[in-house]
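Structural features, examined
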Amino acid sequence: MSEHASETVASAIRDVVDANHILFDQGVVDGFGHVSMRHPLRPDRFLLASSIAPALVTADDVLVFDFDGAPTAADGRAVYLERFIHGEI
């Protein structure tokens, strides 16, 4: 992956982290809500945090999923059951 591509993905991951924190801060979600984003380089993938409270999400918690809701590398971390809905959308 080129440096530009790597920065593009890192920027998208930061956006997912920020979105989780904003939704928590504004009271839109509590311990169970979540937000996803289409992968910026892979139109057949999306980004979603592992199953963790939105206020606690960090870049290391953001995973890549295919549209069937399968994580590409969860490394044993719990994932949201609703990931299937995110894949369908």
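Just above, that's the structure.
Position numbers for residues count from 1 along each chain, tracking the sequence in the order it is written. Under the rules for a predicted model, residues below a pLDDT of 70 receive no local features and side-chain atom pairs below 80 are neither given nor counted, while totals for whole chains, interfaces and linings still include all residues. Where side-chain values are given, they derive from all heavy atoms of the structure, hydrogens and water being excluded.

1. Comments concerning the environment of F65
How we decide: Labels follow the DSSP assignment, with helices taken as runs of H or I lasting at least four residues and strands as runs of E lasting at least two, numbered in each case from the N terminus. For the exposure calls, accessible area comes from a 1.4 Å probe over protein chains only, and a residue counts as buried if that area is under 20% of its type's maximum, exposed if over 50%, partly exposed in between. Residue contacts are defined here by distance: any two heavy atoms, one from each residue, within 4.5 Å place the two residues in contact.
Among the structural elements, F65 can be located in strand β3 (residues 62-66). Residue classification places F65 among the buried residues on the basis of a relative accessible area of 0%. With 26 residues separating them along the chain, F65 and H39 place their C-alpha atoms 8.9 Å apart. Setting aside chain neighbours within four positions, we find F65 in contact with D44, R45, F46, L48, A70, P71, V79 and R83.

2. Comments concerning the pattern of salt bridges
Between side chains of opposite charge, a pair can form when the charged atoms approach closely. Cut-off, in case you're wondering: Any Lys or Arg side-chain nitrogen found within 4 Å of a carboxyl oxygen on Asp or Glu counts as a salt bridge.
Per the counting criterion, the structure on display carries four salt bridges. In this structure, the salt-bridge partner of R42 is D44, at a minimum N-O distance of 2.8 Å. Residue R42 is classed as partly exposed on the basis of its relative accessible area of 38%. D44 is the partner of R45 in a salt bridge, and the nearest nitrogen-oxygen pair spans 3.4 Å. Judged by its relative accessible area of 30%, D44 falls in the partly exposed class. Taken together, the shared-partner salt bridges in this structure form one network comprising R42, D44 and R45.

3. Quick word on the packing of aromatic side chains
Note the cut-off: Classification of ring pairs uses Phe, Tyr and Trp, with its six-membered ring standing for Trp, and accepts pairs whose centres are within 6.5 Å; under 30 degrees between planes counts as stacked, over 60 as edge-to-face, and the remaining range as tilted.
The tally for this structure, following the rule as stated, stands at two aromatic pairs. Between F46 and F65, the ring centres sit 5.4 Å apart and the planes meet at 15°, which makes this aromatic pair stacked. Here F65 lies in strand β3 and F46 lies in strand β2 (residues 45-49), a separation of 19 residues in the sequence. Here F46 falls in the buried class, since its relative accessible area comes to 3%. With a centroid separation of 6.5 Å and 15° between ring planes, the pair formed by F46 and F67 is classed as stacked. Here F46 is found in strand β2, whereas its partner F67 is found in the loop between β3 and α2 (83-88), with 21 residues between them in sequence. Accessibility expressed as a relative area gives 31% for F67, which makes it partly exposed. Ring pairs connect the aromatic residues F46, F65 and F67, which therefore count as one cluster.

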